[in-house]
Amino acid sequence: AVLYTMISIIQNKQTSRFILEGQMIETVWTIAPAIILVFIAIPSLRLLYLMDEIHNPVMTLKTIGHQWYWSYEYSDFTKLEFDSYMVQQEDQLTNTFRLLDTDNRVVLPMNSPVRMIVTAADVLHSWTVPSLGVKTDATPGRLNQVSFTINRPGLLYGQCSEICGANHSFMPIVIESVSTNQFINWVSKMSESSDDWKQ
């Protein structure tokens, strides 16, 4: 069957007014897919924006990128904000990752929807935690929003993934996922320590 097809193609002169030109069929196979794509696109765009919106977050965390560290503000709690710098090599513990650990970790409750608002104070940064599947640009003068839920306890590591200057690779992110009770204890301890510091 293949040999017969090859011989018939070789012997055929390939001239036919119906094969070389078909305005009607070409018009149909251009317009029909376009109409189908429009009908698919309209509900898909709506769903895309609905998926990005989180309606009832348990808490909101504001992240500000600086050259070259991160600042965090827990918007739902008064007086709870801190800067997070990379731990220097001489201060590092033996059981931590080099260039990935921070002096102040972001503590978040697990199994709770978290809304994160990300911005920058100076240049472009990008708040990225690969194990969460989160990557959001931190742009000066703009608030970007992302939401996520952490489903297990532990430490999650990330880094700035936008080339933001000389120390770009030295602004890591560490999220410590804990139970709700541990999170409440941490919040009360942090609030007390900030009160002591101000006095």
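These numbers were taken from a predicted model, which means no experiment stands behind them.

Here is what the cut-offs are and how they apply
Residues numbered from 1 in each chain as written. Predicted model: local features only at pLDDT ≥ 70, side-chain atom pairs only at ≥ 80, totals over all residues. Heavy atoms only, no water. Helix = DSSP H or I, 4+ residues; strand = E, 2+ residues; numbered from the N terminus. Buried < 20%, exposed > 50% of the residue type's maximum accessible area, 1.4 Å probe, protein only. Patch = residues over 30% accessible without salt bridge, like charges linked within 9 Å, V, L, I, M, F, W, Y side chains within 5 Å. Areas by Shrake-Rupley, 256 points an atom, 1.4 Å probe, with all protein chains shown as cover. Salt bridge = Lys/Arg side-chain N within 4 Å of Asp/Glu carboxyl O. Pairing = 2+ DSSP bridges. Axes fitted to C-alpha atoms, helices over the stretch in contact; angles between N-to-C directions. Core = buried A, V, L, I, M, F, W, Y, C linked by side-chain atoms within 4.5 Å. Contact = heavy atoms within 4.5 Å. Disulfide = S-S within 2.5 Å.

A.B. asks: Requested: an account of the overall build of the chain, with residues and values cited.
C.D. replies: Within the chain one finds four helices and ten strands. In sequence order, the chain lays out its α and β elements as α-α-α-β-β-β-β-β-β-β-β-β-β-α. Taken over the C-alpha atoms alone, the chain extends approximately 95 × 40 × 35 Å along its principal axes. Expressed as a percentage of the 199 residues in the chain, the buried residues total 32%.

A.B. asks: Account for a nonpolar patch on the surface, naming residues and giving values.
C.D. replies: On the surface, a nonpolar cluster with roughly 330 Å² of combined accessible area is contributed by Ile31, Ile35 and Phe39. Summarising the element assignment, phenylalanine 39 is placed in helix H3 (residues 23–52).

A.B. asks: Tell me what's going on with the sheet that holds strand S5 (residues 113–120), and back it up with residues and numbers.
C.D. replies: Sheet architecture is open: five strands sit in the order S3-S2-S1-S5-S8, paired in mixed fashion. Looking at strand neighbours, the two that pair on one side only are strand S3 (81–84) and strand S8 (144–149), the edges of this open sheet. Adjacent strand axes in the sheet meet at a mean angle of 25 degrees, parallel and antiparallel pairs treated alike. Relative to strand S2 (residues 69–74), strand S1 (residues 59–66) runs antiparallel, the two being bridged by six bridges. The residue bridging glycine 65 from the neighbouring strand is tryptophan 70, located in S2.

A.B. asks: Can you lay out the nonpolar core for me, pointing to particular residues and giving the numbers?
C.D. replies: Counting 32 residues, the largest nonpolar core has Tyr74, Leu108, Trp127, Phe148 and Ile175 as its most contacted members. Residue contributions to this core peak at four residues, all from S5. If we skip the residues at most four places from it in the chain, tyrosine 74 touches Met59, Thr60, Leu61, Leu80, Phe82, Val106, Val107, Leu108, Phe183 and Trp186.

A.B. asks: Which residues make up the state of the cysteines, and what values go with them?
C.D. replies: Taken as a whole, this structure holds zero disulfides when the rule is applied. No disulfide involves cysteine 160; its nearest neighbouring cysteine sulfur is the one of cysteine 164, lying 3.9 Å away. On the basis of relative accessibility, which here comes to 5%, the residue cysteine 160 falls in the buried class. The class of cysteine 164 is buried, set by a relative accessible area of 5%.

A.B. asks: I'd like a description of the sheet that holds strand S4 (residues 106–109), backed by residues and values.
C.D. replies: Spatially, S4-S10-S9-S6-S7 is the arrangement adopted by the five strands of the open sheet, whose pairing is mixed. Of all strands in the sheet, those with a lone pairing partner are S4 and strand S7 (134–138), marking the two edges. Each neighbouring strand pair of the sheet contributes to a mean axis angle of 25 degrees, computed without reference to strand direction. As paired elements, strand S6 (residues 125–129) and strand S9 (residues 154–160) share two bridges and run antiparallel to each other. Within S9, the position partnered with tryptophan 127 by the bridge is cysteine 160.

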